[in-house]
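Residue-level listing of the chains:
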Amino acid sequence: MQYVWGALAGLVWGALAAFVNYRINKAAVKKNSNASMLTANAARMGVDLITLGAVYLLRKQLPFSFEATIIAAAIALSMLSIVFAYRLIKPEKK
């Protein structure tokens, strides 16, 4: 059962980070400049590093499986980043 709770916590944590990355990307696309996209990419890498680093550094304090948590966080972060990227480029219906 610890693996299930760890996976659920990792999925939520990764989804939250993917949403933060989406908001960073959306703001950069609105500015429509190379400098803003470069800054956004650096910020997104920082969010990814903080997300996975937090799980790693808190591994002793987590009441559930570290392995399940970090794998689920990485999967959610990767998959939802792809979903949000498609959502960002999809033309809005008027």
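All of these numbers come straight from a predicted model, not from anything done at the bench.

1. Description of the side chain of Thr51
And step 1. With respect to the helices and strands, Thr51 occurs in helix H2 (residues 34-57).
And step 2. Residue class for Thr51 comes out buried when judged on its relative accessible area of 4%.
And step 3. Thr51 has contacts with Trp13 and Ala17, leaving out every residue within four places of it along the chain.

2. Structural notes on a nonpolar patch on the surface
And step 1. Judged by side-chain polarity, Ile71, Ile75, Met79, Ile82, Tyr86 and Ile89 come together as a nonpolar surface patch covering roughly 680 Å² of accessible area.
And step 2. Looking at where Met79 falls in the secondary structure, it is placed in helix H3 (residues 66-89).

3. Some thoughts on the confidence of the model for the protein
And step 1. Per-residue pLDDT for the protein averages 90, and the proportion of residues at 70 or more is 97%.
And step 2. At the level of individual helices and strands, the protein shows its lowest average pLDDT in H3, which scores 91, and its highest in H2, which scores 93.

4. A look at the environment of Leu11
And step 1. Considering the arrangement of structural elements, one finds Leu11 in helix H1 (residues 2-31).
And step 2. Setting aside residues no more than four positions away along its own chain, Leu11 makes contact with Ala72, Ala73 and Ala76.

5. So, the nonpolar core
And step 1. The biggest cluster of nonpolar side chains holds 6 residues, and these are Ala17, Ala18, Tyr22, Val47, Leu77 and Phe84.
And step 2. The set of elements that each furnish at least two residues to this core consists of H1 and H3.
And step 3. In this structure Tyr22 touches Phe84, Arg87 and Leu88, once residues within four positions along its chain are discounted.

6. Re H2
And step 1. For H2, with 24 residues, the first-to-last C-alpha span of 34 Å sits near the 34 Å given by 1.5 Å per residue.
And step 2. Ser36, Ala40, Val47, Thr51 and Val55 are the residues of H2 that are buried.

7. Here's the deal with the packing of aromatic side chains
And step 1. Counting across every chain of the model gives 4 aromatic pairs.
And step 2. Between Phe19 and Phe84, the ring centres sit 6.1 Å apart and the planes meet at 65°, which makes this aromatic pair edge-to-face. Taken together, the positions of Phe19 in helix H1 and Phe84 in helix H3 put the pair 65 residues apart, joining distant regions of the chain.
And step 3. Both rings, one in Tyr56 and one in Phe66, keep their centres 6.1 Å apart while their planes meet at 65°; by these two values the pair is edge-to-face. Highlighted residues: Tyr56 in helix H2 and Phe66 in helix H3, separated in sequence by 10 residues.
And step 4. Accessibility expressed as a relative area gives 42% for Tyr56, which makes it partly exposed.
And step 5. Aromatic ring contacts, followed pair by pair, group Phe19, Tyr22 and Phe84 into a single cluster.

Definitions and limits used
- Residues numbered from 1 in each chain as written.
- Predicted model: local features only at pLDDT ≥ 70, side-chain atom pairs only at ≥ 80, totals over all residues.
- Heavy atoms only, no water.
- Helix = DSSP H or I, 4+ residues; strand = E, 2+ residues; numbered from the N terminus.
- Buried < 20%, exposed > 50% of the residue type's maximum accessible area, 1.4 Å probe, protein only.
- Contact = heavy atoms within 4.5 Å.
- Patch = residues over 30% accessible without salt bridge, like charges linked within 9 Å, V, L, I, M, F, W, Y side chains within 5 Å.
- Areas by Shrake-Rupley, 256 points an atom, 1.4 Å probe, with all protein chains shown as cover.
- Salt bridge = Lys/Arg side-chain N within 4 Å of Asp/Glu carboxyl O.
- pLDDT = per-residue confidence, 0-100.
- Core = buried A, V, L, I, M, F, W, Y, C linked by side-chain atoms within 4.5 Å.
- Expected span 1.5 Å × (residues − 1).
- Phe/Tyr/Trp six-rings, centres within 6.5 Å; stacked < 30°, edge-to-face > 60°.

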